[in-house]
Amino acid sequence: MTLMNDAGFAANTPSLTARGTRSDSVSTSVSTSASTSALRKLAGALMMGGLTLGAAQVHAADTLKVGISAEPYPPFTYTSASGEWTGFEVELAEAICDAMQRECEITPTGWSGIIPSLKAGRIDMIMNSMTITKAREKVIDFSIPYYNSPGAYVAAKDLELEIPDGLDGKILGTQAATTHANFARRALRSTGVDVRLYDQQEQVNSDLLSGRVDVILADEIAMSALVKRDEASNFEIKATTPQHEAYGIGAGIGVRKEDGALKEALDGAIHQVYADGTCTALSNKYFDTDVCLG
């Protein structure tokens, strides 16, 4: 996550299925021609109103499934002591859903398969520090960005480390399928650093703390939280990444290409949580700084 993530959203509109499909003595007395005529009139009215059975309004009453990585990424997404998912993006997602007046359900999904899950309809949106990049925009759409943060290098305080020249001969850990991995591949290739990829960010953190890697590269906000942990008191952020195409333009909410109505609703809701101060309040709660882009 730069923005933690680099890995790829469905119409959400009210069902036109009538209540109570079971027939009774009244319904059976209606002629087939009358029923057909009524259906034709309904279809005509819908089409004149700009709607079809596959339009974005068809499932508007459905619960939206908000995809987050099943692998915790504190302080953005993680499980509380009670086992409930929480964190900056979980609370912000709830606020955005409230702004849209939609019911939402947090749906943990493996990071490596989160875009395929979106495209297959198992989730309706991705809100998990997914950076908006040109590569991702080829397969899914995004809301406007809601926050941005550079990558950060973390290493032991007593390690003299110049970035990037001092990476030669060092082992650097980063999470696979992320913008950080893309940046390392594109920008650090000539430094002589040994890049090791991990499935989960906590695995990267663990190997840094245990000395199996010399330095790690991840989201600056997440790394600021990491170095505040008791077990990481001997580690610090050494540098942040420069502006680079691998990092895109910020984190957005991913949706399917065909879900233009949902994208529009999300954009409006993001503007609302900016304007009413919700995003800033949550950012200050979790990061002690305002990372919101509004």
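Structure first, text after, so check above.
Residues numbered from 1 in each chain as written. Predicted model: local features only at pLDDT ≥ 70, side-chain atom pairs only at ≥ 80, totals over all residues. Heavy atoms only, no water.

Peer 1: Sorry if this is basic, but what is going on with the side chain of E89 here?
Peer 2: By the secondary structure assignment, E89 is in helix α2 (residues 88-100). For the buried E89, no salt bridge is present, and the opposite-charge side chain at shortest range is R136, 10 Å distant. A polar atom in the side chain of E89 sits 2.6 Å from the backbone nitrogen of S129. (Helix = DSSP H or I, 4+ residues; strand = E, 2+ residues; numbered from the N terminus. Buried < 20%, exposed > 50% of the residue type's maximum accessible area, 1.4 Å probe, protein only. Lys, Arg positive; Asp, Glu negative; His and termini not counted. Salt bridge = Lys/Arg side-chain N within 4 Å of Asp/Glu carboxyl O. Polar contact = N/O pair within 3.5 Å; in protein donor to acceptor, adjacent residues only side chain to side chain.)

Peer 1: Honestly, a negative patch on the surface in this entry has me stumped. Any pointers?
Peer 2: On the surface, D158, E160, E162, D165 and D168 cluster together to form a negatively charged patch. With a relative accessible area of 51%, D168 lands in the exposed category. (Patch = residues over 30% accessible without salt bridge, like charges linked within 9 Å, V, L, I, M, F, W, Y side chains within 5 Å. Areas by Shrake-Rupley, 256 points an atom, 1.4 Å probe, with all protein chains shown as cover. Charge placed at Lys NZ, Arg CZ, Asp CG, Glu CD.)

Peer 1: Any chance you could explain the state of the cysteines here in plain terms?
Peer 2: Note on terminology: disulfide describes a covalent bond linking the sulfur atoms of two cysteines. Applying the stated rule across the entire model yields 2 disulfides. Two residues, C279 and C292, share a disulfide whose sulfurs are 2.0 Å apart. On the sign convention where negative is left-handed, the bridge of C279 and C292, at about -95 degrees about the S-S bond, is left-handed. Of the two residues, C279 is situated in helix α9 (residues 278-287) and C292 in the segment after α9; the sequence distance between them amounts to 13 residues. By relative accessible area, which is 1% here, C279 ends up buried. Cysteine pairing for the chain (bonded cysteines numbered in sequence order): 1-2, 3-4. (Disulfide = S-S within 2.5 Å.)

Peer 1: Explain the layout of surface pockets to me, please; I cannot follow it from the model alone.
Peer 2: Over the atoms a probe the size of a water molecule is rolled, and this reveals where empty space is left. Taken as a whole, the largest pocket spans an internal volume of roughly 250 Å³. Taken together, 12 residues form the lining of the largest pocket, with T133, K134, A135, E245 and G248 sitting closest to its centre. Only α4 (134-137) and α5 (179-187) provide two or more residues apiece to the lining of the largest pocket. The biggest single contributor to the lining of the largest pocket is α4, with 3 residues. Across the lining of the largest pocket, the residue classes tally to 4 nonpolar, 3 polar and 5 charged. (1 Å grid on protein atoms, 1.4 Å probe; cavity = no way out; pocket = protein on both sides within 12 Å on 5 of 7 lines; lining within 4 Å. Points joined across faces, edges and corners; volume = space filled by probe spheres on them. Nonpolar A, V, L, I, M, F, W, Y, C, P; charged D, E, K, R; others polar.)

Peer 1: Whenever I open this one, α9 confuses me. Can you help?
Peer 2: Residue pairs spaced three or four apart in an α-helix point in one direction, given the helix's 3.6 residues per turn. Listing the buried residues of α9 in full gives C279, L282, S283, Y286 and F287. Projected onto a plane normal to the axis of α9, the buried residues spread over an arc of 100 degrees and lie on a single side. Buried residues belonging to α9 abut β2 (78-79), β3 (85-86), α2, α7 (220-226) and α8 (260-275). Two residues or fewer past α9, D288 is found with a positive phi of approximately 60 degrees. (Arc of directions from axis to C-beta. Contact = heavy atoms within 4.5 Å.)

Peer 1: Would you mind going over the sheet that holds strand β9 (residues 194-198) with me for this structure?
Peer 2: What holds strands together in a sheet is hydrogen bonding between their backbones, with the strands either parallel or antiparallel. Pairing is mixed in the open sheet, where 5 strands are placed in the order β9-β8-β10-β7-β11. Looking at strand neighbours, the two that pair on one side only are β9 and β11 (235-240), the edges of this open sheet. Going from strand to strand, the sheet's axes swing by 30 degrees on average, the running direction of each strand aside. Contacts from α5 reach β7 (151-156), β8 (171-175), β9 and β10 (215-219) within the one sheet, and its direction differs from that of β10 by about 130 degrees. (Pairing = 2+ DSSP bridges. Axes fitted to C-alpha atoms, helices over the stretch in contact; angles between N-to-C directions.)

Peer 1: Hey, could you run me through the pattern of salt bridges in this one?
Peer 2: In a structure, side chains of opposite charge can pair up when their charged atoms sit close to one another. Across all of its chains, the model carries 12 salt bridges by this definition. Between R212 and D207 there is a salt bridge, with its nearest N and O atoms 2.7 Å apart. Look at D207 and you get buried, because its relative accessible area is 12%. Ionic pairing is found between R256 and D259, a salt bridge with its closest N-O pair at 3.5 Å. Here R256 matches D259 in class, with each residue buried. Among the charged side chains, a network of salt bridges with common partners joins D124, R256 and D259.

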